[in-house]
Amino acid sequence: MSNVLEIKRLCVEFPTRRGTLRALDEVSFDIKAGEIVGVVGESGAGKSMTGAAIIGLLEPPGRIASGEILLDGRRIDNLPDAQMRKIRGREIGAIFQDPLTSLNPLYTVGHQIAETITTHLPYSYAQARERAIELLEATGIPAARQRIDHYPHQFSGGMRQRVVIALALAAEPKLIVADEPTTALDVSIQAQIIELLKKLCREHSAAVMLITHDMGVIAETADRVVVMYAGRVAEIGAVNDVIHNPKHPYTVGLMGSIPSIHRHTERLVQIDGSMPRLNAIPKGCAFNPRCQRRFDRCLQDRPELMPAESSQAACWLYEGVTT
Amino acid sequence: MTQTTPLVQVKDAARWFDVSAPWLERVLSGKPRTMLKAVDGVSFTINRGETLALVGESGCGKSTMARLLVGLYPLTRGEVLIDGRSIAELHGPQGKDLRRRLQMIFQDPYASLNPRWRVGRIIAEPLKAHTNMTPKEQEQRVDELLLQVGLDPADKQRYPHQFSGGQRQRISIARALAVRPEFLVCDEPTSALDVSVQAQVLNIMKDLQRQLGLTYLFISHNLAVVHHVADRVGVMYLGRIVEIAPRDELFAHPRHPYTRMLISAIPDMEGHGKSRTPVAGEVPNPLQPPSGCTFHPRCPLARDICKQQSPKLIRPADNEEVEVACHAVEQQWEPVSFVS
């Protein structure tokens, strides 16, 4: 299958008075059609920044310093705003964490979905409205025909997130960037939304970039996982490999620190220290001050992603290890 | 059950909030008063050295329960006893001593520390309020506490903003421990933290419990965290406890349909691609809770009696340590198999 999204050596920088901060440092990965790729990492690892760069919504003064973002083989990182606006919504749909702030409180949900459809597709308003009702039904909103004229505040959190998903799918985009879509929701609602997202992506064979810090959600949803640390990719691999056979020492620590209802442990694995600030990223491997397995080289040279069994890890431990 | 009296006894506690429209509007439009029953008739006990966790979805009353226990809200009905003494005393002349024995850790370590105070002053604050220590002794105690939670004594010169979320939560813990309390109420202490940092904080809390013999009430919406820390677990739904059981029993044999649904809804690291059984529906509006058993609109087992009568907490015959409020369990209807 072809790559819907390709990110090549993407760097995002923030110029500040005290020098330039590099928020994303040579991030590369790709997503194929119909594939769900999970992007995980702790706060500040650059997950959301990657998502924002793809949809062209980096907060100024942040800017793409180098690298390329390709959608279906076409570069989209250097497009003017007017062209990017046509791609956003039409070819890339976005779902954000807080469904209340992603909807306009002054318009009915039906109007907002119909507006998106008429903007991007050759539909009349009446046709777009019918399509909006279908979309709301597909996302599991009961009595969609009545609820279409309701305002966002009349919906509960879970229902609002369904509206946002309907909105993201409205113009049948090829790529959906979902940034923490279930974090603001209760577990019981979370399960419903995840199921819905999976089902709709299968039906529309859309590529999905699922940004979350919840490994449980990733385990159930994603096909492949990108683990990020301090603005860099630490590991990429199939979901089962990353969860059950992690390669990068950071991923090993991360997996061990998650409490599970299937295991009885007196103590959780903990990674001492915390992620470095952007202005103090250590030389060499960014993880080296917290790493139990570091050696001289880690302090000097920055590791690239290298093959580690069936995954890829940015760690010198795997240099020259042929598999 | 042990013979000693439990440290914490909660008997039929209730907290209602008056959310009525303003008086004039109410009189003009003839509306009655509206009460939000955030906690409505909750009873449980916590033994010394034990961790009881309360879980439930947002709006089920778990945080209100935490605040009731430390006296931040007065009770509308019922009683809370700490070591045999009512927390109504907290506001009386003997309240100070009782207040020393219960401390609280809040969810948001960014909002619960004064940004203008140095860490040393933040941690020494309860010492000033509750002890006669000289400034020198206070400083020694602060050093000791910082070491206990894995920070450096030199950190007392710094301000909260100079610390990461996990370190701030440790400062909160140090402050709570300053006056050597017996009972700590922890309201979602790790939900604002990343997993690797959450692991650090949970490990410290467990170590401290072992060293100091602390008793915890641990409020969380994360069942995996609860499974890790708790000895017993209470499940809340719309202001009531629907099931309370020892941890292993609850996770291995959940009885209440809501508990079963919650457990099957946990994202599972082991089963890739497994479909969860999504809980149908959503938490109803607490201002107009459903009649009878408040869970009946979402319950696959619901029958007519569930719509009419609210079930009482009962102890099922096969396990004395479990309490569950469900007509289906009480009357032993045919067990319906839940997909899990």
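How each quantity is defined
Residues numbered from 1 in each chain as written. Chains lettered and ligands numbered in written order. Predicted model: local features only at pLDDT ≥ 70, side-chain atom pairs only at ≥ 80, totals over all residues. Helix = DSSP H or I, 4+ residues; strand = E, 2+ residues; numbered from the N terminus. Rg over C-alpha atoms; globule rule 2.2 N^0.38 Å. Buried ≥ 20, exposed ≤ 12 C-beta atoms within 10 Å, placed from the backbone. Contact = placed C-beta atoms within 7 Å. Pairing = 2+ DSSP bridges. Axes fitted to C-alpha atoms, helices over the stretch in contact; angles between N-to-C directions. Parallel < 35°, antiparallel > 145°, perpendicular 65-115°, else oblique. Left-handed = near helix turned anticlockwise from the far one by under 90°. Nonpolar A, V, L, I, M, F, W, Y, C, P; charged D, E, K, R; others polar. Expected span 1.5 Å × (residues − 1). Arc of directions from axis to C-beta.

Draft legend 1. Representation of the overall build of chain B. In terms of helices and strands, chain B carries 12 helices and 11 strands. Here chain B has a C-alpha radius of gyration of 22 Å; the compact-globule value for 340 residues is 20 Å, and the two agree. Projected onto its principal axes, the C-alpha coordinates of chain B cover approximately 70 × 60 × 40 Å. Among the 340 residues that make up chain B, the fraction classed as buried is 44%. If you take every contact in chain B between residues at least 6 apart in sequence, the share linking residues at least 24 apart comes to 65%.

Draft legend 2. Quick peek at the sheet that holds strand S8 (residues 207-211) of chain A. All names here are of chain A. With mixed pairing, eight strands are arranged side by side in an open sheet as S6-S7-S8-S3-S9-S10-S12-S11. Both outer strands of the open sheet, strand S6 (92-95) and strand S11 (306-308), are each paired with one neighbouring strand and no more. Across the sheet, the mean angle from the axis of one strand to that of its neighbour is 20 degrees, orientation sign disregarded. Contacting S6 and strand S7 (175-179), helix H6 (residues 157-169) runs over the sheet at an angle of about 170 degrees to S6.

Draft legend 3. Geometry of the interface of chain A and chain B. At the interface, 35 residues of chain A touch 35 residues of chain B. At the level of elements, helix H7 (187-204), helix H8 (215-221), helix H9 (239-244) and helix H10 (249-256) of chain A are the ones that each hand at least two residues to the side of chain A that touches chain B. Ranked by residue count, the leading element in the side of chain A that touches chain B is H7 of chain A, at six residues.

Draft legend 4. Representation of the packing of H6 of chain A against H7 of chain A in the model. Residue and element names in this part refer to chain A. For the pair H6 and H7, interaxial distance at closest approach is 10 Å and the crossing angle is 15 degrees. By the criterion of interaxial angle, the relationship of H6 to H7 is roughly parallel. The crossing of H6 and H7 is right-handed. For the pair H6 and H7, the contacting residues are Gly 157, Gly 158, Gln 161, Arg 162, Ile 165 and Leu 169 in the first and Ile 189, Gln 192, Ile 193, Leu 196, Leu 197, Leu 200 and His 204 in the second. Residues belonging to the contact of H6 with H7 are distributed by class as follows: seven nonpolar, five polar and one charged.

Draft legend 5. The arrangement of unusual backbone geometry in detail. Residue and element names in this part refer to chain A. Cis geometry marks the peptide bond from Pro 60 to Pro 61; its omega dihedral reads 5 degrees. For Glu 26, which is not a glycine, the phi torsion comes out positive at approximately 55 degrees. Classification of Glu 26 as partly exposed rests on a count of 18 C-beta atoms within 10 Å.

Draft legend 6. Layout of helix H4 (residues 125-138) of chain A. Residues and elements named next belong to chain A. Taking 1.5 Å as the rise per residue, H4 with 14 residues should run 20 Å; its terminal C-alpha atoms sit 20 Å apart, in good agreement. Taken as a whole, H4 has its buried residues at Ala 128, Arg 129, Ala 132, Ile 133, Leu 135 and Leu 136. On an axial view of H4, the arc spanned by its buried residues comes to 165 degrees, and they lie on one face. Along H4, the residues that are exposed and aim more than 90 degrees away from the buried face are Ala 126 and Glu 134. Those residues of H4 hidden inside the fold are in contact with helix H3 (109-120), helix H5 (144-147) and H6. The positive-phi residue at the C-terminal boundary of H4 is Gly 140, with phi of around 85 degrees.

Draft legend 7. Fine view of the sheet that holds strand S2 (residues 19-32) of chain A. Residue and element names in this part refer to chain A. Read across the open sheet, the four strands follow the order S2-S1-S4-S5; overall the sheet is antiparallel. A single partner strand is all that each edge strand has here, and the edge strands are S2 and strand S5 (74-75). Across two bridges, the pairing between strand S4 (residues 63-71) and S5 is antiparallel. For Leu 71, the partnering residue across the bridge sits in S5 and is Arg 74. Docked against the sheet, helix H1 (residues 47-54) engages strand S1 (3-16), S2 and S4, running at close to 75 degrees with respect to S2.

Draft legend 8. How the structure looks around the pairing of strand S4 (residues 77-82) of chain B. All names here are of chain B. The pairing of strand S1 (residues 8-18) with S4 spans five bridges and is antiparallel. By the bridge assignment for S4, Lys 11 is matched with Glu 79. Here S4 runs beside strand S5 (residues 85-86); their pairing, made up of two bridges, is antiparallel. Note on S5: the bridge partner recorded for Ile 82 is Arg 85. Between the antiparallel neighbours S4 and S5 lie two residues, among them Asp 83 with a positive phi of about 50 degrees.

Draft legend 9. Examining the packing of helix H4 (residues 119-130) of chain B against helix H6 (residues 165-177) of chain B more closely. Residue and element names in this part refer to chain B. Following both chains from N to C, one finds H4 and H6 inclined at 30 degrees, their axes separated by 7 Å at the closest point. The orientation of H4 relative to H6 falls into the category roughly parallel. Residues Val 119, Ile 122, Ile 123 and Pro 126 of H4 form the contact with H6, whose own contacting residues are Ile 171, Ala 174 and Arg 175. Each residue belonging to the contact of H4 with H6 can be placed in one class, and the counts come to six nonpolar, no polar and one charged.

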